[in-house]
Amino acid sequence: MIAVLSGGVGGAKLVLGMSEVLAPQELAVIANTGDDFVHLGLRISPDLDTLMYTLSNEVNPETGWGRKNESWQFMAALEALGGETWFRLGDRDLATHVERTRRLGAGETLSAITADLCRRFGIGLPILPMTDEQVRTIIHTDQGKLDFQTYFVRRQTRPVVTGFDYSGAPTARTTAQVTEVLADPQLEAIVLAPSNPYLSIDPVLAIPAIRRAIQASPAPVLAVSPIVGGRALKGPTAKIMLELGDQPSAAGVARHYQELLDGFILDTVDENLAAEIQAMDMAVATTQTIMQSIGDKTRLARFTIEFAASMRKR
Ligand code: FO1
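Residues numbered from 1 in each chain as written. Predicted model: local features only at pLDDT ≥ 70, side-chain atom pairs only at ≥ 80, totals over all residues. Heavy atoms only, no water.

Draft legend 1. Structural detail: the site of the ligand. Not every one of the 14 residues close to the ligand is listed here, only the nearest: Asp 35, Asp 47, Phe 87, Arg 88 and Gln 149. In this structure, Arg 88 approaches the ligand through a main-chain N or O atom, which is 2.8 Å from an oxygen atom. Contact distances for the ligand include 2.8 Å between an oxygen atom and a side-chain N or O atom of Gln 149. Protein chains bury 89% of the 540 Å² of accessible surface belonging to the ligand in isolation. A majority-of-atoms criterion places the ligand in the largest pocket. Residue assignment for the shell around the ligand shows that the elements contributing at least two residues are helix H2 (46-55) and helix H6 (148-154). At four residues, H6 tops the list of elements feeding residues into the shell around the ligand. For the shell around the ligand, a count of residues per class yields eight nonpolar, two polar and four charged. (Near = heavy atom within 4 Å. Polar contact = N/O pair within 3.5 Å; in protein donor to acceptor, adjacent residues only side chain to side chain. Areas by Shrake-Rupley, 256 points an atom, 1.4 Å probe, with all protein chains shown as cover. 1 Å grid on protein atoms, 1.4 Å probe; cavity = no way out; pocket = protein on both sides within 12 Å on 5 of 7 lines; lining within 4 Å. Sits in = over half its atoms within 2 Å of the grid points. Helix = DSSP H or I, 4+ residues; strand = E, 2+ residues; numbered from the N terminus. Nonpolar A, V, L, I, M, F, W, Y, C, P; charged D, E, K, R; others polar.)

And the structure:
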């Protein structure tokens, strides 16, 4: 069994690769919900949906989020009424948010709803929200404190970041399913996906029970770098690292996670950083980490699994 902590598009790609290599019962995903918000009265869980759509081959291949073969009649009609259209909800995607909102209102947990939606999308492996309680990523910027989607979508990550709050995380409980996965004696690795460390992975690690369970697990903990050649594969990771005074490189990411990690995978183009990362007392492996084709994703997944196996033997 391998547990992957995952956020947005980059994480979902590695999880898709893992799902091609492993049986459904050999893989569990613990997903960030710090980006969740209520918009137009609807409860949106972008990272859960990105995983769900990616694993069911329903994802919009151009954006990496939302559904493929989408239509936008609802947005057009809303715009004509003078409604808020900065956050784009396609007609088919909308059904997910309406149904999730209805079921939350009827008292079901986010975990139970996610499990059922995944079953309906034909996904066999568990996609586990990090918590059923409310945790919200707040970004401190030169324009004040912003909620995640205001920073990310509405202001297009332009504000200069000075820090983060994972509001609710310090007191949030995780779920029985997440606890069970991380305490599984058969657990072979805990993988931090190549997602944004501050926006996608840190909210998960900010839940005390999850961080403690990772630290207590005998399974090797490893991360795949979301930074290649000093640039983020997608999104604002490198920009945020610069703004925070961190080194915007794979080594900077390794240092960020240093106290948790036993191993780190970086891209071949960053091979020159391997010694610096090894000096942080972790095993290092290099490979091609850019995931475009499905072949790229399965290759990186296989490499990650083999690297974890080699660490268990050490
Ligand atoms: N990202 C955008 O950049 N613009 C959007 O209008 C947008 C809408 C959207 C709707 C549903 C959904 O599940 C995701 C959506 N995203 C959008 C992506 C999302 O905001 C981010 O990718 C994640 O929160 C970051 O992991």
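Draft legend 2. View of the pattern of salt bridges. All told, the structure shown has 15 salt bridges when counted by the stated rule. Note that Asp 36 is salt-bridged to Arg 43, the shortest N-O span being 3.1 Å. The two residues Asp 36 and Arg 43 agree in class, both being buried. Across the pair Arg 211 and Glu 259 runs a salt bridge, and its minimum N-O distance is 3.1 Å. Of this pair, Arg 211 sits in helix H9 (residues 208-216) while Glu 259 sits in the loop between helix H11 (250-256) and strand S13 (263-267); the two residues are 48 residues apart in sequence, bridging distant segments of the chain. Given the relative accessible area of 61%, Glu 259 is considered exposed. What emerges from the salt-bridge pattern is a single network uniting Glu 99, Arg 102, Arg 103, Glu 108, Asp 116, Arg 119 and Arg 120. (Salt bridge = Lys/Arg side-chain N within 4 Å of Asp/Glu carboxyl O. Buried < 20%, exposed > 50% of the residue type's maximum accessible area, 1.4 Å probe, protein only.)

Draft legend 3. Looking closely at the packing of H2 against helix H4 (residues 91-105). The geometry of H2 relative to H4 is characterised by a closest axis approach of 12 Å and an angle of 130° between their N-to-C directions. Here H2 is positioned oblique relative to H4, judged by the angle of their axes. Crossing angle aside, the handedness with which H2 passes H4 is right-handed. Residue-level contacts link Asp 49, Met 52 and Tyr 53 of H2 to Asp 93, Thr 96, His 97 and Arg 100 of H4. Grouping the constituent residues of the contact of H2 with H4 by class yields two nonpolar, two polar and three charged. (Axes fitted to C-alpha atoms, helices over the stretch in contact; angles between N-to-C directions. Parallel < 35°, antiparallel > 145°, perpendicular 65-115°, else oblique. Left-handed = near helix turned anticlockwise from the far one by under 90°. Contact = heavy atoms within 4.5 Å.)

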